[in-house]
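# Results of the structural survey
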There are 2 protein chains.
Amino acid sequence: MGLIIAIDDLDFRSTTKILDETCDLVDGYKFGIAFLIKNSLNELKEMRKICNKMWIADLKLADIGYIMIKNIEALSGHFNAVIAHSFVGISDALDMLFSYCKERGIKPILVATMSHKGAREIYDFVLIKIKELVEKLEPWGLVAPATRRDIITYLREILDIETKILSPGIGPQGALPGDALCAGADYEIVGRLITNSPNPKKAVEEVLSLQKEALKRCKRVL
Amino acid sequence: MGLIIAIDDLDFRSTTKILDETCDLVDGYKFGIAFLIKNSLNELKEMRKICNKMWIADLKLADIGYIMIKNIEALSGHFNAVIAHSFVGISDALDMLFSYCKERGIKPILVATMSHKGAREIYDFVLIKIKELVEKLEPWGLVAPATRRDIITYLREILDIETKILSPGIGPQGALPGDALCAGADYEIVGRLITNSPNPKKAVEEVLSLQKEALKRCKRVL
């Protein structure tokens with residue numbers, strides 16, 4: 001499939017509708033901080049029952065290890081993957097997070113670089129350092145922007161480890177469905193294009209169809 | 001005063017006790033992501049009534065502008081300051097966040113670098129770039145670690161703007177109360193030393209007394 005839905009800040013009702021209608025069609029869901037602030041842990045538990053696919057907590061963790069672990073613990077085991085930033089480094093930060101994730105079977109996902117213009121100001125300058133860090137930690141996944149396909153292809157080429165590449169930036173941010181998959185990504189993360197649609201299921205089917213066409217054109221088999 | 005209490009993941013009861021006992025003694029409170037996940041917005045509203053000092057949402061925002069704004073919006077106006085990472089850059093990220101904060105009278109605070117060992121791996125390498133970014137954006141405050149006083153003094157010396165320096169890292173992380181103030185910080189952020197104490201009020205008084213003694217020794221007047 002290769003599709004993960006990003007749910008940034010929907011309420012209980014809209015989210016359960018989307019989960020219910022799209023669960024069979026996608027690989028998983030990525031939930032943002034606004035969503036986690038607005039919806040209670042009990043509501044999360046109810047939602048989890050509707051769809052038992054990959055649930056990614058997109059906390060964009062960027063803190064010392066002690067705090068990053070506290071933040072995941074607060075989610076009471078409702079998630080099986082979590083996103084953290086590479087730039088906080090390993091020592092007393094990602095080392096602790098990765099040990100915690102390993103013990104609990106949580107998939108750690110690291111941001112390699114970001115989809116917006118500002119990523120070129122600072123993030124990109126440390127890409128080689130991040131590459132070294134990623135090879136040491138061997139995360140389950142890496143976030144790399146669909147808006148910048150050269151970065152995805154570059155990471156695929158230079159990385160000495162197997163890791164999934166997850167690409168946001170499709171839709172309002174500029175990339176088309178299939179762009180990132182063709183560049184070497186494993187999953188495309190699509191948010192507003194689906195969650196803002198009056199018919200999310202139809203929007204998902206359209207994205208999947210565009211992905212398929214793109215993969216045919218670029219001759220990639222997932 | 002120069003003291004902000006960090007509340008990482010306490011529940012409603014413990015937090016209201018701390019707010020009630022310490023409100024007159026400190027400058028404000030910094031609340032972490034775990035806390036915001038565990039406590040509902042209604043509970044937050046109740047807590048806010050107890051103490052109307054500076055409330056900092058320590059989301060350690062590190063996302064595109066659109067998402068950072070969504071995350072603050074989710075907090076429904078209960079906070080008057082918010083912490084973001086410099087690392088994400090200005091364009092389509094901190095520029096949007098700062099406009100949003102300005103419109104709503106929210107104080108933006110940027111992380112300059114961090115308190116743990118891993119900060120030396122990547123964060124420190126871009127300190128000059130972060131300095132330039134900080135001078136462009138002129139945040140109300142900057143987070144710089146009490147565990148690394150040379151960085152605080154360095155930032156004070158090189159920065160061409162007025163900005164408050166807030167320093168975490170006191171207590172379990174190694175710095176003593178007063179260390180960061182003597183190095184040039186405006187506020188020390190103290191968490192576990194106070195929140196893990198059976199008598200938080202007494203712990204605050206001890207921290208304040210240690211700060212005072214240190215300031216006398218280093219001859220700094222706040």
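In case you missed it, the structure is sitting above this.
These numbers were taken from a predicted model, which means no experiment stands behind them.

Turning to the relation of the copies chain B and chain A, a few remarks are in order. Each of the two copies of the chain can be brought onto the other by a rotation about an axis and a shift along it. When chain B is brought onto chain A, the operation consists of a screw motion whose angular component is 180 degrees and whose axial shift is 0.0 Å, with 0.0 Å RMSD remaining. Look at the turn and shift together and you get a two-fold axis relating the two. No C-alpha of chain B lies nearer the rotation axis than that of Ile37 of chain B, which sits 2.6 Å from it.

All names here are of chain A. Where helix H5 (residues 90-104) contacts helix H6 (residues 127-137), the two axes come as close as 12 Å, and the packing angle between them is 40 degrees. Comparing their axes, H6 and H5 come out oblique. The crossing of H5 and H6 is right-handed. Contacts from Ile90, Leu94 and Phe98 in H5 reach Leu133, Lys136 and Leu137 in H6. The residue makeup of the contact of H5 with H6, split by class, is 5 nonpolar, no polar and 1 charged.

So, on to the sheet that holds strand E3 (residues 54-61) of chain A. Residues and elements named next belong to chain A. Pairing is parallel in the closed barrel, where 8 strands are placed in the order E1-E2-E3-E4-E5-E6-E7-E8. If you compare each strand with its neighbour and ignore which way they point, the axes differ by 25 degrees on average. Two elements, strand E1 (residues 3-7) and strand E2 (residues 28-32), share 4 bridges in a ladder whose sense is parallel. When the sheet's bridge partners are listed, Ile4 is paired in E2 with Gly28.

Attention shifts here to unusual backbone geometry. All names here are of chain A. Positive phi is not limited to glycine here, since Ser76 has a value of about 50 degrees. For Ser76, the location among the structural elements is in the loop between helix H4 (65-73) and strand E4 (81-85). Positive phi is not limited to glycine here, since Lys219 has a value of about 55 degrees. Looking at the element boundaries, Lys219 is found in the segment after helix H10 (200-218). A relative accessible area of 74% places Lys219 in the exposed class.

What counts and what doesn't
- Residues numbered from 1 in each chain as written.
- Chains lettered and ligands numbered in written order.
- Predicted model: local features only at pLDDT ≥ 70, side-chain atom pairs only at ≥ 80, totals over all residues.
- Heavy atoms only, no water.
- Least-squares fit on C-alpha atoms with pLDDT ≥ 70 in both.
- Axes fitted to C-alpha atoms, helices over the stretch in contact; angles between N-to-C directions.
- Helix = DSSP H or I, 4+ residues; strand = E, 2+ residues; numbered from the N terminus.
- Parallel < 35°, antiparallel > 145°, perpendicular 65-115°, else oblique.
- Left-handed = near helix turned anticlockwise from the far one by under 90°.
- Contact = heavy atoms within 4.5 Å.
- Nonpolar A, V, L, I, M, F, W, Y, C, P; charged D, E, K, R; others polar.
- Pairing = 2+ DSSP bridges.
- Buried < 20%, exposed > 50% of the residue type's maximum accessible area, 1.4 Å probe, protein only.

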